[in-house]
Amino acid sequence: MSNVHQPCEICLCALPDDPFEPCSCSQIQSPEFYKWGEGTNSVYNTTNFEVICAGEMRIHVSYKNASGLVERTIRYADELEEIGIKTDKDLQAHHDKGEEHFYEAMNPWFEVWSKIDADVFSDPIYELDEAVAVAIQWQEEHDKKGQD
Ligand SMILES: [Zn+2]
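Because the structure is predicted, anything quoted here is derived from the model rather than measured. (Residues numbered from 1 in each chain as written. Predicted model: local features only at pLDDT ≥ 70, side-chain atom pairs only at ≥ 80, totals over all residues.)

1. Here's the deal with the overall build of the protein chain
Phase 1: For the protein chain, the count of helices and strands is 3 helices and 6 strands.
Phase 2: Dimensions of the protein chain, computed from the C-alpha atoms along their principal axes, are close to 65 × 40 × 20 Å.
Phase 3: With 148 residues in all, the protein chain has 22% of them scored as buried.
Phase 4: By sequence separation, contacts in the protein chain at least 24 residues apart represent 54% of the contacts at least 6 residues apart. (Helix = DSSP H or I, 4+ residues; strand = E, 2+ residues; numbered from the N terminus. Buried ≥ 20, exposed ≤ 12 C-beta atoms within 10 Å, placed from the backbone. Contact = placed C-beta atoms within 7 Å.)

Okay, structure coming up:
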């Protein structure tokens, strides 16, 4: 069976045609890229568990463009993309420029939540793959329990 046009299990995007090429989401692991709105937002779901992006993002950036010095506060993922930050590498490169150019005052994170028991949730997780793996593992354990 060909894997062409099968969606990625994690981000649900179409996978690259080359089966050995990883999905682009493997370069986009940081929670900053999954902060889509105020409060928490859902990033990945299994039947009973959910990866959510929690916390607030506040990144103060300053840079020069044609009209002079620009200073802005980034709160959502699409604003990161607007200033050309599209991968974990880009994000790290901006951090490396120093706090006077790129200061992350508040950062978001991932958590895994149970959809059936509000008392069940993970510690903060900072990589998407890791959070998805926890959700899948918890789902497998849940399914096994159901069969006993
Ligand atoms: Zn993907």
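2. Some points on the sheet that holds strand 4 (residues 68-74)
Phase 1: With antiparallel pairing, 3 strands are arranged side by side in an open sheet as 4-3-5. Edge positions in the sheet fall to strand 4 and strand 5 (102-106), since each of these pairs with one other strand and no more. If you compare each strand with its neighbour and ignore which way they point, the axes differ by 20° on average.
Phase 2: The pairing of strand 3 (residues 58-65) with strand 5 spans 4 bridges and is antiparallel. Following the sheet pairing, Val 61 is matched in strand 5 by Phe 102. (Pairing = 2+ DSSP bridges. Axes fitted to C-alpha atoms, helices over the stretch in contact; angles between N-to-C directions.)

3. Examining the nonpolar core
Within soluble globular proteins, side chains that are nonpolar tend to cluster in buried spots.
Phase 1: Counting residues in each nonpolar core, the largest one holds 26 residues, and the members touching the most others are Val 43, Val 51, Phe 110, Leu 128, Ala 131, Val 132 and Ala 135.
Phase 2: Domain assignment of the residues forming this core places at least three in each of domain 1 (29-55 + 108-145) and domain 2 (58-106).
Phase 3: The residues contacting Val 51, other than those within four sequence positions of it, are Val 43, Tyr 44, Phe 110, Val 112, Ala 131, Val 132 and Ala 135. (Core = buried A, V, L, I, M, F, W, Y, C linked by C-beta atoms within 7 Å. Domains from an automatic or database assignment.)

4. A word on the domain arrangement of the protein chain
Phase 1: Its domain assignment divides the protein chain into domain 1 (29-55 + 108-145) and domain 2 (58-106).
Phase 2: If you average the C-alpha positions of domain 1 and of domain 2, the two centres end up 26 Å apart.
Phase 3: Taken together, the 9 residues of domain 1 in the interface contact 6 residues of domain 2.
Phase 4: Residue composition of the side of domain 1 that touches domain 2, by class: 3 nonpolar, 4 polar and 2 charged. (Nonpolar A, V, L, I, M, F, W, Y, C, P; charged D, E, K, R; others polar.)

5. Some points on helix 3 (residues 128-147)
Phase 1: Taking 1.5 Å as the rise per residue, helix 3 with 20 residues should run 28 Å; its terminal C-alpha atoms sit 29 Å apart, in good agreement.
Phase 2: Regarding helix 3, the residues found buried are Leu 128, Ala 131, Val 132 and Ala 135. Down the axis of helix 3, the smallest arc covering the buried residues is 100°, so these residues share one side. Opposite its buried face, helix 3 presents the exposed residues Asp 129, Glu 140, Glu 141, Lys 144, Lys 145 and Gln 147, each directed more than 90 degrees away.
Phase 3: Tucked into the core, helix 3 has its buried residues touching strand 1 (41-45), strand 2 (49-54) and strand 6 (109-114). (Expected span 1.5 Å × (residues − 1). Arc of directions from axis to C-beta.)

6. Re the confidence of the model for the protein chain
Phase 1: Taken over all residues, the pLDDT of the protein chain has a mean of 91, while the share at 70 or more is 96%.
Phase 2: When pLDDT is averaged over each element of the protein chain, strand 6 comes out on top at 98 and strand 3 at the bottom at 92. (pLDDT = per-residue confidence, 0-100.)

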